[in-house]
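This is what each chain is made of:
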Amino acid sequence: MSDCLFCKIVAGDIPSTKVHETETTFAFRDINPQSKVHVLVVPKAHHEDVVELAAADPQLLADVIATGAAVAKAEGMDVSGFRFVFNTGEHAGRTVFHAHLHVLGGEQLGLFGRPTG
Ligand code: 5GP
Ligand code: ZN
């Protein structure tokens, strides 16, 4: 998709700090990290969100998860632990409409799921 931010990052048209890449996935550091380690993993192919991705291409979703696990290991979080997050829709505060996995960790994480404010 020509006007999709993460498609542009995958294509290299918008710079990012890449941490891992496979044939089907791309992982880069979040520009506004919510924890010491905050990496985004995206399928290279455009999919709207994780629910649509799961229905359209379950293997590609498995590839995204496997890349997230590889990132967690490479960042030294496989023993200490980490969090995978897929935000979907308005209540989750979703802002970018290309499916993406947040990989969070590198320190003790807080509670999640409560309303803000
Ligand atoms: P969402 O809220 O849609 O689940 O997450 C989108 C994430 O993309 C946010 O955590 C935000 O900080 C990150 N983000 C937005 N624009 C950019 C960008 O241009 N580069 C990078 N590396 N991350 C971005
Ligand atoms: Zn896209």
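Residues numbered from 1 in each chain as written. Chains lettered and ligands numbered in written order. Predicted model: local features only at pLDDT ≥ 70, side-chain atom pairs only at ≥ 80, totals over all residues. Heavy atoms only, no water.

Student: Which residues make up the coordination of the zinc ion (ligand 2), and what values go with them?
Tutor: Only Cys4 (SG), Cys7 (SG), His46 (ND1) and His98 (ND1) from the protein coordinate the zinc ion (ligand 2), and they sit 2.0 to 2.3 Å from it. Mapped onto the polypeptide sequence, the residues donating to the zinc ion (ligand 2) form the spacing pattern C-x2-C-x38-H-x51-H. Of this pair, Cys4 sits in the segment before helix 1 (5–11) while His98 sits in the loop between strand 4 (82–85) and strand 5 (101–105), placing them 94 residues apart in sequence. With a relative accessible area of 6%, Cys4 lands in the buried category. Look at His98 and you get buried, because its relative accessible area is 0%. (Donors = N, O, S within 2.8 Å, 3.2 Å for Na, K, Ca; no water. Helix = DSSP H or I, 4+ residues; strand = E, 2+ residues; numbered from the N terminus. Buried < 20%, exposed > 50% of the residue type's maximum accessible area, 1.4 Å probe, protein only.)

Student: Report on the pattern of salt bridges, specifying residues and quantitative values.
Tutor: Enumeration according to the criterion identifies three salt bridges in this entry. Between Glu21 and Lys44 there is a salt bridge, with its nearest N and O atoms 2.8 Å apart. Here Glu21 is found in strand 1 (residues 18–21), whereas its partner Lys44 is found in the loop between strand 3 (37–43) and helix 2 (50–56), with 23 residues between them in sequence. On the basis of relative accessible area, Lys44 is assigned to the partly exposed category, the value being 26%. Between Glu75 and Arg29 there is a salt bridge, and its shortest N-O distance comes to 2.9 Å. One end of the pair, Glu75, is in the loop between helix 3 (58–74) and strand 4; the other, Arg29, is in strand 2 (residues 25–29), and 46 residues separate them in sequence. On the basis of relative accessibility, which here comes to 27%, the residue Glu75 falls in the partly exposed class. Through salt bridges with shared partners, a single network forms among Lys18, Glu21 and Lys44. (Salt bridge = Lys/Arg side-chain N within 4 Å of Asp/Glu carboxyl O.)

Student: Got a sec to walk through the site of ligand 1? Specific residues and values, please.
Tutor: In the vicinity of ligand 1 there are 16 residues, among which Arg29, Asp30, Thr95, His100 and His102 approach most closely. One nitrogen or oxygen atom from the main chain of Arg29 is found 2.9 Å from a nitrogen atom belonging to ligand 1. Contact between ligand 1 and Ile31: a nitrogen atom at 3.3 Å from a main-chain N or O atom of the residue. Taken by itself ligand 1 offers 520 Å² of open surface, and the protein chains cover 83% of this. Among the detected pockets, ligand 1 sits in the largest pocket. Counting only elements with at least two residues in the shell around ligand 1, the list comes to helix 1 and strand 2. At three residues, the largest contribution of residues to the shell around ligand 1 is made by helix 1. In the shell around ligand 1, the residues fall into seven nonpolar, six polar and three charged. (Near = heavy atom within 4 Å. Polar contact = N/O pair within 3.5 Å; in protein donor to acceptor, adjacent residues only side chain to side chain. Areas by Shrake-Rupley, 256 points an atom, 1.4 Å probe, with all protein chains shown as cover. 1 Å grid on protein atoms, 1.4 Å probe; cavity = no way out; pocket = protein on both sides within 12 Å on 5 of 7 lines; lining within 4 Å. Sits in = over half its atoms within 2 Å of the grid points. Nonpolar A, V, L, I, M, F, W, Y, C, P; charged D, E, K, R; others polar.)

Student: Got a sec to walk through the nonpolar core? Specific residues and values, please.
Tutor: Ranked by internal contacts, the top residues of the largest apolar core, which has 15 residues, are Val39, Val41, Leu53 and Val103. For this core, the secondary structure elements donating two or more residues are strand 3, helix 2, helix 3 and strand 5. A per-element tally of this core places helix 3 first, with five residues. Contacts of Val41, omitting those with residues within four sequence positions, involve Thr25, Phe26, Ala27, Val64, Thr67, Gly68, Ala99, His100, Leu101 and Val103. Within the second largest apolar cluster, nine residues are counted, among which are Phe6, Cys7, Leu40 and Val42. (Core = buried A, V, L, I, M, F, W, Y, C linked by side-chain atoms within 4.5 Å. Contact = heavy atoms within 4.5 Å.)

Keep in mind these values describe shape, not function.
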